[in-house]
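Coordinates in review
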Amino acid sequence: MGTILELRDVKRYFGIRSGGWVGGGVEKPLKAVDGASFSIASGSSFGVAGESGSGKSTMGKLILRLDRPTGGAIEFEGRDIGKLDAQGDAWYRTRVQAVFQDASGSLDPRMRISAIVAEPLEIHARTGPNRLTKIEIREKVEDMLAQVALPERVMHDFPHELSGGQKQRVAIARAMILEPTMLVLDEPVSALDVSIRAQVLNLLSDFQDRYGLTYLMISHDLATLGHVSSQLAVMYLGRIVEIGDTEEIYERPLHPYTKALFRAMPLPDPDRVKSAPSLRGEIGSALDLPKGCRFCPRCDEAMPVCSAVDPELVDVGAGRQVACHLIGGPQLTKATHQRGSNE
């Protein structure tokens, strides 16, 4: 499989002015995304995990061209999306679509479901080189609603007449109607009941198998990401702190933050005993970053160097990278390996 999406040292800073009056104070950079680099193979599922405030949703917006990076480059199918003209932008928006967390907020309450799902076709297919008639558009809408297991009658409904799970299926149908090659999924099931989550995830899995889709899924829920992603990146305060094969990270997380996230996961095991406390305190502010490692103030394994030097991502083999001073060069130190195997 070739690479479909690549991020190289992507940054997104926001200028925030301190002070209580307009135009006053000193402007400081809020580093929402601070040097993210990774690539996604075509037809694979890539997960991004982290707490609220880690920068994962901002990164999703950069990939969707809903915002522009302060620095770095994002390439899709070999093209720098920051340099696309109007024609290139139209091409990109037919290739990359999004499904967001709040389906209710992303569906126009004044439009019937048929119009909502048809809207991307109305914008692209009726003005582009491959124009469709109204009858052809209606047939495509009916077919897509059937593929997301919604009855034909919902075409005449408004969003408020549907359940949460049905609304999310409509959002997926709208995203899929243009036959994209990649979907960006930002917390796509977190607002749904547990039983409905499984149905939606299975639907996404079926679509991927059927169409060879590539997924970028953003979530704070490690259980969800473990179910759908083959590669996983863990973010903390704008930085990727661990990245690699999802199964490998689940079996042996290396970064203290990744370990804490797994310890905090709810598991249906009454006999389970946590080996250590879960995350203490709250995630810091991207406007006032601590010196050294950004996770240091919450880390139970912090050393003196951690509060002085910000660690870089280092390769630990098999395509896995970790940003932690506990990691010694290209291989794990014996002590670190022992800690990981005992947890």
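As recorded in an unreviewed UniProt entry, the protein goes by ABC transporter ATP-binding protein and comes from Chelativorans salis. A UniProt comment under Sequence similarities (unreviewed entry) is attached to the protein, and it reads "Belongs to the ABC transporter superfamily." A UniProt comment under Subcellular location (unreviewed entry) is attached to the protein, and it reads "Cell inner membrane".

We now examine the side chain of Asp-157. Mapped onto the elements of the fold, Asp-157 is located in the loop between α5 (134–147) and α6 (164–176). No salt bridge is formed by the buried Asp-157; its nearest oppositely charged neighbour, Arg-153, is found at 4.0 Å. Those residues in contact with Asp-157 that lie beyond four places of it in its chain are Met-111, Arg-112, Ile-113 and Leu-162.

A surface patch of nonpolar side chains, amounting to about 200 Å² of accessible area, comprises Met-303, Val-305 and Val-309. As for its placement among the helices and strands, Val-309 is situated in the loop between α10 (256–263) and β11 (314–317).

For Arg-93, the location among the structural elements is in helix α2 (residues 86–95). Along the sequence, Arg-93 and Leu-178 sit 85 residues apart, while their C-alpha atoms lie 9.1 Å from each other. Beyond its immediate chain neighbours, meaning those up to four positions away, Arg-93 contacts Leu-64, Arg-65, His-124 and Leu-178. One polar contact links the side chain of Arg-93 to the main-chain carbonyl oxygen of Leu-64, over a distance of 3.4 Å.

In this section: the packing of α6 against helix α7 (residues 194–211). Orientation of α6 relative to α7, taken along the N-to-C sense of each, is 15°, at an axis distance of 10 Å. What the angle tells us is that α6 and α7 run roughly parallel. The chirality of how α6 crosses α7 is right-handed. Between α6 and α7, the contacting residues are Gly-165, Gln-168, Arg-169, Ile-172 and Met-176 on the first element and Ile-196, Gln-199, Val-200, Leu-203, Leu-204, Phe-207 and Tyr-211 on the second. Class assignment for the residues of the contact of α6 with α7 results in eight nonpolar, three polar and one charged.

The phi dihedral of Ala-149 is positive, around 65°, even though this residue is not glycine. A residue is classified by how much of its surface remains accessible, and Ala-149, at 56% relative accessible area, is exposed.

Now for the sheet that holds strand β5 (residues 79–80). With antiparallel pairing, four strands are arranged side by side in an open sheet as β2-β1-β4-β5. Strands with a single pairing partner mark the edges of an open sheet, and in this sheet they are β2 (27–41) and β5. Bridge analysis of strand β1 (residues 3–17) against β2 gives twelve bridges, and the strand direction is antiparallel. If you follow Ile-16 over to β2, its bridge partner there is Lys-28. Its contacts with the sheet put helix α1 (residues 56–63) on β1, β2 and β4 (71–76), and the angle it makes with β1 is roughly 115°.

Conventions we followed
- Residues numbered from 1 in each chain as written.
- Predicted model: local features only at pLDDT ≥ 70, side-chain atom pairs only at ≥ 80, totals over all residues.
- Heavy atoms only, no water.
- UniProt positions renumbered as here; feature names shortened; annotations may be inferred.
- Helix = DSSP H or I, 4+ residues; strand = E, 2+ residues; numbered from the N terminus.
- Buried < 20%, exposed > 50% of the residue type's maximum accessible area, 1.4 Å probe, protein only.
- Lys, Arg positive; Asp, Glu negative; His and termini not counted.
- Salt bridge = Lys/Arg side-chain N within 4 Å of Asp/Glu carboxyl O.
- Contact = heavy atoms within 4.5 Å.
- Patch = residues over 30% accessible without salt bridge, like charges linked within 9 Å, V, L, I, M, F, W, Y side chains within 5 Å.
- Areas by Shrake-Rupley, 256 points an atom, 1.4 Å probe, with all protein chains shown as cover.
- Polar contact = N/O pair within 3.5 Å; in protein donor to acceptor, adjacent residues only side chain to side chain.
- Axes fitted to C-alpha atoms, helices over the stretch in contact; angles between N-to-C directions.
- Parallel < 35°, antiparallel > 145°, perpendicular 65-115°, else oblique.
- Left-handed = near helix turned anticlockwise from the far one by under 90°.
- Nonpolar A, V, L, I, M, F, W, Y, C, P; charged D, E, K, R; others polar.
- Pairing = 2+ DSSP bridges.

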